[in-house]
Amino acid sequence: LQQIKFDYSELYARKIRKEVAEMNKKGIKDKQKYIDVITKIAKASEVRQRNNNILMEDQPHLIKIMQKDVQDSLNIYKIYAK
């Protein structure tokens, strides 16, 4: 259960890195735009974690499904791993 939580945190960190890299390529200099993007993704992460906690507590069979889901997503964003 803790591994899934960690993996989802890593996934959202990679999503943030992707967005920041794209903004850098576009030459965006406005600090507030970066803050807005990071805040939006962080809020989505919080909602996902909260919903996952409820689901996993009530339906432990979903853990295997969620492990596969998060691993597939991490692979998609693997170039943004640090």
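For the structure itself, look to the data block above.
Residues numbered from 1 in each chain as written. Predicted model: local features only at pLDDT ≥ 70, side-chain atom pairs only at ≥ 80, totals over all residues. Heavy atoms only, no water.

Enquirer: Can you walk me through the nonpolar core in this structure?
Expert: Proteins that are soluble and globular tend to have nonpolar side chains buried together. Of all hydrophobic cores here, the largest spans twelve residues; its members are Ile4, Tyr8, Leu11, Tyr12, Ile41, Met56, Leu62, Met66, Val70, Leu74, Tyr77 and Tyr80. Elements with a contribution of two residues or more to this core: α1 (2–25), α2 (31–58) and α3 (62–76). Those residues in contact with Tyr12 that lie beyond four places of it in its chain are Ile41, Ala44, Ser45 and Arg48. (Core = buried A, V, L, I, M, F, W, Y, C linked by side-chain atoms within 4.5 Å. Buried < 20%, exposed > 50% of the residue type's maximum accessible area, 1.4 Å probe, protein only. Helix = DSSP H or I, 4+ residues; strand = E, 2+ residues; numbered from the N terminus. Contact = heavy atoms within 4.5 Å.)

Enquirer: How should I be thinking about α1 in this particular structure?
Expert: Residues spaced three or four apart along an α-helix face the same direction, because each turn holds 3.6 residues. Helix length check: α1, at 24 residues, gives a terminal C-alpha distance of 35 Å against a target of 34 Å (1.5 Å per residue), a fit within 8%. Burial in α1 covers these residues: Ile4, Asp7, Tyr8, Glu10, Leu11, Tyr12, Arg14 and Met23. A positive backbone phi angle near 80 degrees is found at Gly27, which sits one or two residues after α1. (Expected span 1.5 Å × (residues − 1).)

Enquirer: Help me out: how do you make sense of the environment of Ile54 in this one?
Expert: Summarising the element assignment, Ile54 is placed in helix α2. Ile54 gets classed as partly exposed once you look at its relative accessible area, which sits at 48%. With 52 residues separating them in the primary sequence, Ile54 and Gln2 have C-alpha atoms 14 Å apart.

Enquirer: When you look at the packing of aromatic side chains in this model, what are you seeing that I'm missing?
Expert: Two aromatic rings, taken as a pair, are described by how far apart their centres are and by the angle between their planes. Under the criterion given, the structure shown has zero aromatic pairs. Residue placement shows Lys15 over the ring face of Tyr12; its charged tip is 4.7 Å from the ring centre. (Phe/Tyr/Trp six-rings, centres within 6.5 Å; stacked < 30°, edge-to-face > 60°. Lys NZ or Arg CZ within 6 Å of the ring centre and 35° of its normal.)

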